[in-house]
Amino acid sequence: MAEVHVIGQIIGASGFSESSLFCKWGIHTGAAWKLLSGVQVGQTQVDTPQIGEMAYWSHPIDLHFATKGLQGWPRLHFQVWSQDSFGRCQLAGYGFCHVPSSPGTHQLACPTWRPLGSWQEQLARAFVGGGPQLLHGDTIYSGADRYRLHTAAGGTVHLEISLLLRHFDRYGVEC
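Taking an unreviewed UniProt entry as the reference, the chain is identified by name as B9 domain-containing protein 2 belonging to Aotus nancymaae. Its UniProt record, at the heading Function (unreviewed entry), says of the chain: "Component of the tectonic-like complex, a complex localized at the transition zone of primary cilia and acting as a barrier that prevents diffusion of transmembrane proteins between the cilia and plasma membranes." Recorded under Subcellular location (unreviewed entry), the UniProt text for the chain is reproduced unchanged: "Cytoplasm, Cytoskeleton, Cilium basal body".

Shown next, in the form of structure tokens:
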């Protein structure tokens, strides 16, 4: 079987109006993919930037996959949350990006968005906190339902990912 090693880090996030940010992340693959080592989901620590607007997490990602085909290439998905001084958490944005398909080191910038909801929900979010969230997490990376949502732009999640491909030439895939 062909193998893919995904090694890198979630560097941080910028462009969010909220501070004290943390990120829940995961990776989604198709049925032909098998995780050999690593953890498919994770969460960063909370960072409150003192200088500038960049929240730094430097959260490691180390995954090793085996695959029988190219369909269902891995996609990273993110939920960025903010935490207030009382420890309450509020959604700041959802986002996803495809893992690059070429070997080497890649700098990725993943834009995020959040559902707007009705004007009553927007007003409540401004004064009380909270706000609408997705019922199903797969809506983040599956296109059909996502395009019907009314959304607001969030910030950007920054990643540095290195990819190692092994045995793809045995299966007729040139890298």
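After presenting the structure, the write-up continues.
A. Local environment of the environment of His167. Along the polypeptide, His167 turns up in the segment after β9 (151–166). Measuring from C-alpha to C-alpha, the distance between His167 and Ala66 comes to 9.9 Å, with 101 residues separating the pair along the chain. Setting aside residues up to four positions removed in sequence, His167 forms contacts with Met1, Ala2 and Glu3.

B. Structural context of unusual backbone geometry. Not every positive phi belongs to a glycine, and Ser20 is a case in point at roughly 55°. One can find Ser20 in the loop between β1 (2–14) and β2 (21–28). By relative accessible area, which is 12% here, Ser20 ends up buried. Phi at Ser58 is positive, roughly 45°, even though this residue is not glycine. Looking at the secondary structure, you find Ser58 in strand β5 (residues 55–67).

C. Local environment of the side chain of Thr44. Locating Thr44 in the fold gives a position in the loop between β4 (41–43) and β5. Of the polar contacts made by the side chain of Thr44, one reaches the backbone nitrogen of Cys23; its length is 2.9 Å. Apart from the residues lying within four places of it in its own chain, the contact partners of Thr44 are Phe22, Cys23, Trp57 and His59.

D. Spatial organisation of the packing of aromatic side chains. Following the criterion strictly, the structure yields four aromatic pairs and no others. Ring centres of Trp33 and Phe65 lie 5.9 Å apart, and the angle between their planes is 85°; this geometry places the pair in the edge-to-face category. Remark: Phe65 occurs in strand β5 and Trp33 occurs in strand β3 (residues 33–37); sequence separation between them is 32 residues. In this pair, the class of Trp33 matches that of Phe65, namely buried. With a centroid separation of 6.3 Å and an interplanar angle of 55°, the aromatic rings of Trp73 and Phe168 are classed as tilted. Remark: Phe168 occurs in the segment after β9 and Trp73 occurs in the loop between β5 and β6 (75–83); sequence separation between them is 95 residues. With respect to class, Trp73 is no different from Phe168; both count as buried. Linked through ring pairs, Trp33, Phe65, Trp73 and Phe168 together constitute an aromatic cluster. In this structure, Lys24 packs its charged tip against the face of Trp81, placed 5.1 Å from the ring centre.

E. Examining the pattern of salt bridges more closely. For the structure on display, the rule yields two salt bridges. Ionic pairing is found between Arg166 and Glu3, a salt bridge with its closest N-O pair at 3.3 Å. A residue pair is termed long-range when its members are at least 10 positions apart, and Arg166 in strand β9 and Glu3 in strand β1 qualify at 163 residues. Relative accessible area serves as the criterion here: at 42%, Arg166 is assigned to the partly exposed category. By relative accessible area, which is 12% here, Glu3 ends up buried. As a salt-bridge pair, Arg88 and Asp84 come within 2.7 Å of each other at their nearest N and O atoms.

So, how was this worked out
- Residues numbered from 1 in each chain as written.
- Predicted model: local features only at pLDDT ≥ 70, side-chain atom pairs only at ≥ 80, totals over all residues.
- Heavy atoms only, no water.
- UniProt positions renumbered as here; feature names shortened; annotations may be inferred.
- Helix = DSSP H or I, 4+ residues; strand = E, 2+ residues; numbered from the N terminus.
- Contact = heavy atoms within 4.5 Å.
- Buried < 20%, exposed > 50% of the residue type's maximum accessible area, 1.4 Å probe, protein only.
- Polar contact = N/O pair within 3.5 Å; in protein donor to acceptor, adjacent residues only side chain to side chain.
- Phe/Tyr/Trp six-rings, centres within 6.5 Å; stacked < 30°, edge-to-face > 60°.
- Lys NZ or Arg CZ within 6 Å of the ring centre and 35° of its normal.
- Salt bridge = Lys/Arg side-chain N within 4 Å of Asp/Glu carboxyl O.

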